[in-house]
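Chain by chain, the residues:
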Amino acid sequence: MEGIEKVCQFLEEAQTYYLATVDGDQPRVRPFGTVLIFDGKLYIQTGKVKDVSRQLAANPKAEICAFKDGRWLRVAGELINDDNYDAKVAMLEKMPELKAMYSADDDNMQMLFFRNATATFSSFTEAPECVQF
Ligand SMILES: Cc1cc2nc3c(=O)[nH]c(=O)nc-3n(C[C@H](O)[C@H](O)[C@H](O)COP(=O)(O)O)c2cc1C
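Computed from a prediction, not measured in an experiment: that's the story for all the values here. Along every chain, residues carry numbers that run from 1 in the direction the sequence is written. Given that this is a predicted model, residues contribute local features only at a pLDDT of at least 70 and side-chain atom pairs are listed and counted only at 80 or more, while totals for whole chains, interfaces and linings are drawn from all residues. With hydrogens and water set aside, each side-chain value is computed from the structure's full complement of heavy atoms.

A. Focus on the overall build of the protein chain. Numbering goes from the N terminus for both helices and strands, where a helix is a DSSP run of H or I of at least four residues and a strand is a run of E of at least two. Within the protein chain one finds three helices and eight strands. Shown N-terminal to C-terminal, the secondary structure of the protein chain runs as helices and strands in the order α-β-β-β-β-α-β-β-α-β-β. Taken over 133 residues, the protein chain has a buried fraction of 42%. In the protein chain, the share of contacts with a sequence separation of at least 24, taken over all contacts with a separation of at least 6, comes to 63%. On the protein chain, roughly 7300 Å² of surface is accessible, and the fraction owed to carbon and sulfur atoms is 49%. Across the protein chain, the centroid of the 15 positively charged side chains sits 4 Å from that of the 21 negatively charged ones. Each residue is assigned to one of three classes by its accessible area relative to the maximum for its type, calculated with a 1.4 Å probe on protein chains only: buried under 20%, partly exposed between the two thresholds, exposed over 50%. Note on definitions: a residue-residue contact is assigned when non-hydrogen atoms from the two residues lie within 4.5 Å. Each accessible area is a Shrake-Rupley result for a 1.4 Å probe, and residues are judged covered by the shown protein chains and nothing else. For the purpose of counting charges, residues Lys and Arg are taken to be positive, whereas Asp and Glu are taken to be negative. His and the chain ends are not included. Every charge is mapped to an atom, namely NZ of Lys, CZ of Arg, CG of Asp or CD of Glu.

B. Representation of the site of the ligand. When we say a residue is near a molecule or strand, we mean one of its heavy atoms is within 4 Å of it. Near the ligand, the surroundings consist of T16, R30, P31, F32, G33, T34, Q45, T46, K50, D51 and V52. Any pair of nitrogen or oxygen atoms within 3.5 Å is treated as a polar contact; in protein, a donor-acceptor pairing is required on top of that, and neighbouring residues in sequence qualify only through side-chain atoms on both sides. The side chain of T46 places a nitrogen or oxygen atom 2.7 Å from an oxygen atom of the ligand. The contact in question runs from an oxygen atom of the ligand to an N or O atom on the backbone of D51, over 3.1 Å. Computed on the free molecule, the ligand has an accessible area of 630 Å², of which 62% lies beneath the protein chains in the complex. Taken together, the elements giving at least two residues each to the shell around the ligand come down to β2 (26-32), β4 (41-47) and α2 (51-58). By residue number, the principal contributor to the shell around the ligand is β2, which donates three residues.

C. Here's a closer look at the side chain of T21. Tracing the backbone through its elements, the reader meets T21 in strand β1 (residues 17-23). A distance of 2.9 Å separates a polar atom in the side chain of T21 from a polar atom in the side chain of R30.

D. Expanded view of α2. Among the residues of α2, those classed as buried are V52, S53, Q55 and L56. In an axial view of α2, the angular spread of the buried residues amounts to 160 degrees, which keeps them on one side of the axis. Residues of α2 that are exposed and point more than 90 degrees away from the buried face comprise A57 and A58. The arc in question is formed by the directions pointing from the helix axis toward the C-beta atoms.

E. Local environment of the packing of aromatic side chains. Only rings of Phe, Tyr and Trp enter the pairing, Trp through its six-membered ring, and a pair is recorded when the two centres are within 6.5 Å. The plane angle decides the type: under 30 degrees is stacked, over 60 is edge-to-face, the rest tilted. Per the stated rule, a full pass over the model turns up five aromatic pairs. Here F10 and F121 contribute two aromatic rings whose centre-to-centre distance is 5.6 Å and whose plane-to-plane angle is 70 degrees, an arrangement assigned as edge-to-face. Here F121 lies in strand β7 (residues 109-123) and F10 lies in helix α1 (residues 3-14), a separation of 111 residues in the sequence. Members of the aromatic cluster, connected to one another through ring pairs, are F38, Y43 and F113.

Dropping the structure here:
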């Protein structure tokens, strides 16, 4: 399995990860769950009306963290907007519960992919493992 696929699988199995953004000099963090590999890139999904979207537009630097079975994963990088219609459709197909709130045609659904990402798997017992994508 490729590194980016291991990252996606870990996030899927953890179910919830925490996304940190920068808001001026104030860190902001919130739970997220959406994740998808599309066209070789790791995507997450949000709504353009949300504060998190506004923060990423002003400063794309972001970090996510998830924990599962004694291991944790951090992915640090930039989250970049992508209005690709097919990426939105693929996310809605993977996570159909999103269809209650979003559609690929609305002005709100936002797909963001990681650029310049460094993912680090850590535990208390093993050496950290880094993946870049
Ligand atoms: C378990 C869980 C998963 C969530 N996943 C997402 C998600 O993938 N995308 C999203 O936009 N909001 C998701 N939310 C909702 C956001 O955490 C919530 O809208 C948050 O307030 C957004 O951050 P903001 O207020 O700084 O904009 C999730 C909430 C929970 C409890």
